[in-house]
Amino acid sequence: MPHWFAALLALLMTAAPAWARLDGILVEPPAALPAFALEDHDGRPFTPAALAGRWTLVAVGYTSCPDVCPFTLANLEAVRAELATTTAPERLPRVVFLAVDPARDRPILRDYVHHFHPDFVGVTGGAEAVAVLLAGLDAKAVISPPDANGAYEVAHSAAVGVVAPDGRLVAKLSPPFDPAETAAFLTGLIRGLARGSAAP
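Residues numbered from 1 in each chain as written. Predicted model: local features only at pLDDT ≥ 70, side-chain atom pairs only at ≥ 80, totals over all residues. Heavy atoms only, no water.

**Some thoughts on the pattern of salt bridges**
Counted only if it meets this: Salt bridges are defined as contacts in which a side-chain nitrogen from Lys or Arg sits within 4 Å of a carboxyl oxygen from Asp or Glu. In this description a helix means any DSSP run of H or I spanning at least four residues, a strand means any run of E spanning at least two, and both kinds are numbered starting from the N terminus. Exposure classes here rest on a 1.4 Å probe applied to the protein chains alone. A residue is buried below 20% of its type maximum, exposed above 50%, and partly exposed in between.
Applying the stated rule across the entire model yields 7 salt bridges. We note a salt bridge from Arg 106 to Glu 39, for which the minimum N-O separation is 3.2 Å. Here Arg 106 is found in the loop between α4 (102-105) and α5 (109-116), whereas its partner Glu 39 is found in strand β2 (residues 38-40), with 67 residues between them in sequence. Given the relative accessible area of 35%, Glu 39 is considered partly exposed. We note a salt bridge from Arg 110 to Asp 42, for which the minimum N-O separation is 2.9 Å. Here the residue Arg 110 occupies a position in helix α5, and Asp 42 occupies one in the loop between β2 and β3 (45-46), the gap between them amounting to 68 residues. Overall, Arg 110 belongs to the partly exposed group, its relative accessible area being 39%. Residues participating in the shared-partner salt-bridge network are Asp 40, Asp 42, Arg 44 and Arg 110.

As structure tokens, then:
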């Protein structure tokens, strides 16, 4: 276990009760994401290089999701707004929406994510490419066979992955999030990693 992660784990376990009310867990040890090749909502390549140097919150879902996905993205926008009160815009975590139903998602993905915030990034790709990143996030998505009318359902993990600037999954957050508590949790992660990486 990296020394910075052990110190951070101890800090969070002894923190104020507000931490306990947040449904967030640290990934121990932090897990490096696998190589993946997707496209963003503008058709540009989206690979691990796109995550380098910045904190990222990755939500999994699909654009026709009736409840969990829009709620989670709106919740994440509220978290970013809370963080923005103490964090410079260029240091705010990026929010990425991994769309797991590309046949329906791709045509409307840009408009969908921008409905929640113009800085949100939608990414998708073929089933195998999406599965690679899902596995790295310890997430799942299952598309059911279509019925006689061509309709089908999509089941997916709801937890949001927290990816550090070095491309490692360091935590998972389960919605709903309290914006203030989640912002405090993320601030603790960011500061803890910064202290740990600077330590000898």
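Having seen the model, we can carry on.
**What to know about the sheet that holds strand β6 (residues 121-124)**
As a reminder, the rule being used: Any two strands are treated as partners once DSSP identifies two or more bridges connecting them. Any two residues whose heavy atoms approach within 4.5 Å at even a single point are treated as in contact. A fitted line through C-alpha atoms represents every axis, and for helices the fit uses only the stretch in contact; the resulting angles, taken between N-to-C directions, go from 0 to 180 degrees.
The strand order β1-β10-β9-β4-β5-β6-β2-β3 describes an open sheet built from 8 strands, whose pairing is mixed. Whereas interior strands pair on both sides, the edge strands pair on one side only; in this sheet they are β1 (24-32) and β3. Helix-sheet contacts for helix α3 (residues 68-83) involve β4 (56-61), β5 (94-99) and β9 (160-163), and the interaxial angle to β4 is about 165°. Together, β5 and β6 form the strand contacts of α5, whose direction differs from that of β6 by roughly 145°.

**Points about the nonpolar core**
How we decide: By nonpolar core is meant a set of buried Ala, Val, Leu, Ile, Met, Phe, Trp, Tyr and Cys residues that side-chain atoms within 4.5 Å join together.
By size, the foremost hydrophobic cluster in this structure holds 52 residues, and its most contacted members are Leu 73, Phe 97, Leu 98, Leu 137, Val 162, Leu 186 and Leu 189. Look past the residues within four positions of Leu 186 in its chain and what remains in contact with it is Leu 57, Val 79, Leu 83, Val 162 and Leu 173.

**Description of α3**
Basically, it comes down to this: A helix is expected to span 1.5 Å multiplied by its residue count minus one. This arc describes the spread of directions from the helix axis toward the C-beta atoms.
The terminal C-alpha atoms of α3, which comprises 16 residues, lie 22 Å apart, in line with the 22 Å expected from a rise of 1.5 Å per residue. If you check which residues of α3 are buried, you get Cys 69, Thr 72, Leu 73, Asn 75, Leu 76, Val 79, Arg 80 and Leu 83. Projection of α3 onto a plane perpendicular to its axis shows the buried side chains occupying an angular sector of 160°, all on one side.

**Details of the confidence of the model for the protein**
Put simply, the test is: On a scale of 0 to 100, pLDDT captures the predictor's confidence in every residue.
Counting all residues, the mean pLDDT for the protein is 86, and 84% of those residues have values of 70 or more. In this model residues 1-21 is a low-confidence stretch, pLDDT under 50, and it forms 31 contacts with partners more than four residues away in sequence or in other chains.

**A short note on α5**
Every buried residue of α5 is listed here: Leu 109, Tyr 112, Val 113 and Phe 116. Projected down its long axis, α5 carries its buried residues within an arc of 85°, all on one side. The exposed set on the far side of α5, more than 90 degrees from its buried face, consists of Asp 111 and His 115. The inward-facing, buried residues of α5 abut α3, β5, α4 and β6.

**Concerning the side chain of Thr 63**
Just so we agree on the cut-off: Polar contact is defined as a pair of N or O atoms within 3.5 Å, subject to the rule that within protein one atom must be able to donate a hydrogen and the other to accept it, and that residues adjacent in sequence are counted only when both atoms are side-chain atoms.
Position of Thr 63 among the secondary structure elements: in the loop between β4 and α3. Of the residues examined, Thr 63 reaches a relative accessible area of 10% and is grouped as buried. Among the polar contacts listed, one links the side chain of Thr 63 to the side chain of Asp 105, at a separation of 2.7 Å. When neighbours within four sequence positions are excluded, Thr 63 is seen to be in contact with Phe 97, Arg 104, Asp 105, Ile 108, Leu 109 and Tyr 112.

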